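Architecture and fold: a report
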Amino acid sequence: MEQEHKRRVRYKGTHPRNYREKYKELNPEKYQDDVEKIIQSGKTPAGMHIPIMVEEILSFLDIQPGQVGLDATLGYGGHTRRMLERLQGQGHLYATDVDPIESEKTRARLEALGFGPEILTIRRMNFAQLDQVAPGQQFDFVLADLGVSSMQIDNPDRGFTFKQDGPLDLRLDPTAGTPAAQRLRELDREELAAMLVENADEPYADEIAKAIRNVFKKGGSIDTTRQLAGVVEQALSFLPPKERKEAVKKSCQRTFQALRIDVNSEFEVLYAFLEKLPVVLKPGGKAAILTFHSGEDRLVKQSFRQLQREGIYSSAAKDVIRPSAEECFRNPRARSTKMRWAIRA
């Protein structure tokens, strides 16, 4: 029986606005020229992720054919692909990711480029379990990009952005753990305020926490991203009109960041990763980590410096490495990135 041809849903106006309408961006292999134009304009196409600080990472890791490495945060596979190219078909790269949706897409994408299981092993696990990725194997290099992938941010179904309405989820692995909407109900006012301060340095933590609890006290719910953004906006209604718009935007960003960190236990996971990292590195092995906010950067800096003092690392970055101004123009999501590195003694 001949399959019925389904026409693509038309969108209003000259440009698609809805995530699902961006059919060219969501098929970058098919519409390469169109996607490249979007990237050159300084935007990230929906459904894909532009890897950050690739040249700086490759320059530091100095990957040689025959080496064995770990990409602890597979994501869209941009860094993975470039590291695999450096191996030139010799050695092996392991990669981990907790996201069952995106990791399978990336596996298929990389396999189509010729990077199959003989050179690449992908494990669906949290990077805190890096000592279980390949038991007994020590790595010549390890990379961890701690940022949330653009594919997750852009897809409203994942609940990572307040710019579009979607379920308030925020889980990196949507099959496990507690969704953000449920987590908000579980925390009292003091716990909410503390979470906002500890995870995002939110200056209006008390006001936002009070507004969230008031919604529940009145029998309301906060089940979608736009509902939470609306509560934050209402909490900051006391600010002068000239300041309010920008303040609400930044507080929304910080609130979503704080909630995402809490839902995914990101600081606890990073602690475990940093503790086990020297164990899986060969003598002389190199580790590079990309951070995106002060909390996680502080943890990485403290760990690297402490372990250097103890003689476990022979050297570690004294200062952070930042992306170039040119890269930040091409990819605005790179602006907050900091790179730190360490070498195993």
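Up top you'll find the structure we're talking about.
Scope of this entry: the structure provided in the associated data block.

Each value, and the rule that gives it
Residues numbered from 1 in each chain as written. Predicted model: local features only at pLDDT ≥ 70, side-chain atom pairs only at ≥ 80, totals over all residues. Heavy atoms only, no water. Core = buried A, V, L, I, M, F, W, Y, C linked by side-chain atoms within 4.5 Å. Buried < 20%, exposed > 50% of the residue type's maximum accessible area, 1.4 Å probe, protein only. Contact = heavy atoms within 4.5 Å. Helix = DSSP H or I, 4+ residues; strand = E, 2+ residues; numbered from the N terminus. Salt bridge = Lys/Arg side-chain N within 4 Å of Asp/Glu carboxyl O. Phe/Tyr/Trp six-rings, centres within 6.5 Å; stacked < 30°, edge-to-face > 60°. Lys NZ or Arg CZ within 6 Å of the ring centre and 35° of its normal. Expected span 1.5 Å × (residues − 1). Pairing = 2+ DSSP bridges. Axes fitted to C-alpha atoms, helices over the stretch in contact; angles between N-to-C directions. Patch = residues over 30% accessible without salt bridge, like charges linked within 9 Å, V, L, I, M, F, W, Y side chains within 5 Å. Areas by Shrake-Rupley, 256 points an atom, 1.4 Å probe, with all protein chains shown as cover. Lys, Arg positive; Asp, Glu negative; His and termini not counted. Charge placed at Lys NZ, Arg CZ, Asp CG, Glu CD.

Our next topic: the nonpolar core. Counting 36 residues, the largest nonpolar core has Leu 168, Leu 184, Ile 212, Ile 222, Leu 228 and Leu 259 as its most contacted members. Leaving out residues up to four positions away in the same chain, Ile 212 has contacts with Leu 184, Leu 192, Ile 222, Leu 228 and Val 231. By size, the runner-up hydrophobic cluster in this structure holds 32 residues, among which are Val 142, Ala 144, Val 280 and Leu 299.

Attention now moves to the side chain of Asp 297. Mapped onto the elements, Asp 297 comes out in helix α12 (residues 294–309). Judged by relative accessible area, Asp 297 falls into the buried class, the value being 6%.

Looking now at the pattern of salt bridges. Counted by the stated rule, this structure contains 15 salt bridges. Its salt-bridge partner being Glu 85, residue Arg 81 comes within 3.3 Å of it at the nearest N-O pair. Of this pair, Arg 81 and Glu 85 both sit in helix α3 (residues 78–87), four residues apart, which is roughly one turn of that helix. Of the charged contacts, one joins Arg 171 and Asp 169 as a salt bridge, the two residues approaching to 2.8 Å between their closest N and O atoms. Asp 169 shares its class with Arg 171; the two are buried. Each of the salt bridges in this network shares a partner with another, and the network as a whole consists of Glu 55, Arg 81, Arg 82 and Glu 85.

As enumerated under the stated definition, the model contains six aromatic pairs in all. Plain terms: the ring middles of Tyr 204 and Phe 238 are 5.9 Å apart, the flat faces sit at 75 degrees to each other, and that makes the pair edge-to-face. Placement of the pair is Tyr 204 in the loop between α7 (189–200) and α8 (205–217) and Phe 238 in the loop between α9 (225–235) and α10 (241–263), with a sequence separation of 34 residues. Here Arg 109 stacks its cationic end above the ring of Tyr 76, 3.7 Å away from the centre of that ring.

This part is about α8. Since the α-helix packs 3.6 residues into each turn, any two residues three or four apart lie on the same face. In this model α8 runs 18 Å from its N-terminal to its C-terminal C-alpha over 13 residues, within 8% of the 18 Å that 1.5 Å per residue would give. Gly 219 lies just past α8 and shows a positive phi near 85 degrees.

Moving on, we come to the sheet that holds strand β7 (residues 338–344). Taken together, seven strands build an open sheet; the order of strands is β3-β2-β1-β4-β5-β7-β6 and the sheet is mixed. Of all the strands in the sheet, the pair left with one neighbour each is β3 (120–123) and β6 (313–316). Across this sheet, the average inter-strand angle for adjacent strands is 15 degrees, counted without regard to direction. Relative to β3, strand β2 (residues 92–96) runs parallel, the two being bridged by four bridges.

The next point concerns a negative patch on the surface. Side chains of Asp 188, Glu 190, Glu 191, Asp 206 and Glu 207 sit close together on the surface and give a patch of like negative charge. Elements that contribute at least two residues to the negative patch include exactly α7 and α8. Relative to the helices and strands, Glu 191 resides in helix α7.

So, about the pairing of strand β5 (residues 281–291). Judged from the six bridges that link them, strand β4 (residues 139–145) and β5 form a sheet pairing that is parallel. What sits directly across from Val 142, in β5, is Ala 287. In the sheet, β5 pairs with β7 via six bridges, with the strands oriented antiparallel. Residue Ile 289 lies in a different strand from β7, and its bridge partner there is Arg 340.

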